[in-house]
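# Results of the structural survey
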Amino acid sequence: MANVEIYQSGQFTIAKAGGKQIAACQIKGNARALFKAAIDAVPNGGSLNIGKGRYVFSAPYALPLNPDGSNIFYCSIPIIDKGIHISGAGVGQTILQLAPGQRREGRHVAMMLVRGKRGFDPGYSSFSLRGVTFEGDRARQSTEAPHDGEGLLLVGSQRSNGVFENLVFQNSHGAGMYLGNNGSGPGTNETVRNVVARNCAAEGIMLDTNKDSQVVDCQAYGCRVGLFLNGNDDWRTRGSDNVTATRFKTDSQITCWQVNDFTLSEINMDCTGSPTSRGLVVRDGNGVVKNSVLKTDTTKIDARSGPGSTYFYENARVLLENCDLSGYFGVHAIGKSYAEVKGCRISAPGGCFCTTDPNPVSSTIVARGCTCAGKKSDIQEGSSLMEA
């Protein structure tokens, strides 16, 4: 039995702890104070159950994300200095909705904010969130470009053992879910499973500086970036991140940025409806992509974006194995990047293997046992294609 429960009955939303009512409000009213009272009543390591219904929130709670007190974010549901376990009645059954007009210029909003109180305070050692739909009502928030970290769920601080499962994030002014850090250190051993993001102005699912973490059976549609695995500028010395994504489906770009030892497996990325997408983007770091389908539009835009089914640059090192690639470019490797391509089937009118860029390149593509349809290669001076 949950330590605290929230449910709707008649015209009221009610919160109970230990069977005793601790808060109530009108169902059509603002649920933010009731939810704060409920979360405050959950002991560290305890549980909160949220019943079927739609709960609407303003975002009045201000919290600085930076240690110097800057980077103020406003939230509806603050979960601060506490690791708890939250369960809803299921996606489409328990709906947490941001009220209109909460997000506007200079007022950055994360609907649910989970972290330590101060900039470098540690976060949870155990946390879970399951069975909830987050509704951002994007059409009735301001339309300025998303600020880094804005979204429906923002998690920060150095932490471990978070589980995010059976969730929907839709119509967000920023990210759907954003597992961040604010410079304090990585989130370790985190699992994102069976999560769907739709119509997010920024990332559908973002893992920022995570370690030994996984994304499994998730989807993202209509987002600026479907899946973003982010690292940091210390990637050369940081060691292995060991971040994986398996059976991810999206119509949006996927980005791996300065991540060491990532693995993408059974990915289904089809960006043919987004002609400016660069497909799978990898900057710096290293990883493996296997048993996946990567598709983008086949109409050329320019030498830089293509678009291609892949876009590897700076010091990226990527192994592509047993993948189907389709785009104006297939394997597009520029800068000082290195791509090894094994047993892939590539269709690309602009070049199955391509190193073209407006800037000088010294990239390398090694191809083994691949088939090509369209133009075989477009190799810029300074780079190389080696076939085995």
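Here goes a summary of the coordinates provided.

On to the overall build of the protein. Looking only at helices and strands, the protein features two helices and 42 strands. Its C-alpha radius of gyration of 22 Å places the protein within 12% of the 21 Å reference for a compact globule of 388 residues. Its C-alpha atoms give the protein principal-axis dimensions of about 70 × 40 × 40 Å. Looking at the protein as a whole, 54% of its 388 residues are labelled buried.

Turning next to the environment of I379. The topology assignment puts I379 in the loop between β41 (377-378) and β42 (384-387). In this structure I379 comes out as partly exposed when scored by relative accessible area, which is 31%. I379 sits 45 residues away from I334 along the chain, and the two C-alpha atoms are 9.9 Å apart. Excluding residues within four positions of it along the chain, I379 makes contact with F353, T355, S384 and L385.

One open sheet holds the three strands; their spatial order is β35-β38-β41, and the pairing between them is parallel. The open sheet is flanked by β35 (329-332) and β41, the only strands paired with a single partner. With three bridges connecting them, β35 and strand β38 (residues 351-354) associate as parallel partners. The partner of V331 across the bridge, within β38, is F353.

On to the environment of K36, then. For K36, the position within the fold is in helix α1 (residues 32-41). For K36, a relative accessible area of 29% translates into the label partly exposed. Taking the C-alpha atoms as reference, K36 lies 39 Å from N268; in sequence the two are 232 residues apart. Not counting chain neighbours up to four residues away, the residues in contact with K36 comprise Y61 and P78.

Let us now look at the layout of surface pockets. Vacant regions in the atomic arrangement are exposed by a probe of water-molecule size rolled over the atoms. By volume, the largest pocket is sized at about 210 Å³. Around the largest pocket, the lining is made up of 19 residues, and of these D148, Y178, N181, N182 and D208 lie nearest the centre. Within the lining of the largest pocket, the residues separate by chemical class into five nonpolar, 12 polar and two charged. In this structure, the second largest pocket occupies an estimated 160 Å³ of space. Lining the second largest pocket are 13 residues, and of these K36, D40, P78, I79 and I80 sit closest to its centre. Going through the elements one at a time, α1, β6 (61-64) and β8 (77-80) are the ones with two or more residues in the lining of the second largest pocket. The residue makeup of the lining of the second largest pocket, split by class, is nine nonpolar, no polar and four charged.

This next bit is on the pairing of strand β19 (residues 203-208). Note on strand geometry: in a regular strand, side chains alternate between the two faces of the sheet. In terms of burial, β19 is largely enclosed, as six of its six residues are buried. Of the pairings in the sheet, the one linking strand β16 (residues 175-179) to β19 comprises three bridges and is parallel in character. The partner of M177 across the bridge, within β19, is I205. Across five bridges, β19 lies against strand β23 (residues 225-230) in parallel orientation. Residue pairing in the sheet places L207 in a bridge with L229 of β23.

Attention shifts here to the side chain of D208. Within the secondary structure layout, D208 lies in strand β19. For the buried residue D208, which engages in no salt bridge, the nearest side chain bearing the opposite charge is R159, 8.4 Å off. Polar side-chain contacts of D208 include one of 2.9 Å to the side chain of N230. Discounting residues that sit within four places of it in the chain, D208 has contacts with Y178, L179, G180, N181, N230 and G231.

Once that is clear, we can look at empty space enclosed by the protein. Taken as a whole and assessed by the stated rule, the structure comprises two cavities of 30 Å³ or more. The space that makes up the largest cavity amounts to roughly 40 Å³. Along its surface, the largest cavity is lined by L207, T209, N210, L229, N230, G231, R238, D241, V243 and V259. Looking at the lining of the largest cavity residue by residue, the classes come out as four nonpolar, four polar and two charged. What the second largest cavity holds in volume is close to 30 Å³. Forming the walls of the second largest cavity are F35, I39, L48, I50, I77, I86, L96 and M112. Looking at side-chain class alone, the lining of the second largest cavity contains eight nonpolar, no polar and no charged residues.

Criteria and thresholds
Residues numbered from 1 in each chain as written. Predicted model: local features only at pLDDT ≥ 70, side-chain atom pairs only at ≥ 80, totals over all residues. Heavy atoms only, no water. Helix = DSSP H or I, 4+ residues; strand = E, 2+ residues; numbered from the N terminus. Rg over C-alpha atoms; globule rule 2.2 N^0.38 Å. Buried < 20%, exposed > 50% of the residue type's maximum accessible area, 1.4 Å probe, protein only. Contact = heavy atoms within 4.5 Å. Pairing = 2+ DSSP bridges. 1 Å grid on protein atoms, 1.4 Å probe; cavity = no way out; pocket = protein on both sides within 12 Å on 5 of 7 lines; lining within 4 Å. Points joined across faces, edges and corners; volume = space filled by probe spheres on them. Nonpolar A, V, L, I, M, F, W, Y, C, P; charged D, E, K, R; others polar. Lys, Arg positive; Asp, Glu negative; His and termini not counted. Salt bridge = Lys/Arg side-chain N within 4 Å of Asp/Glu carboxyl O. Polar contact = N/O pair within 3.5 Å; in protein donor to acceptor, adjacent residues only side chain to side chain.

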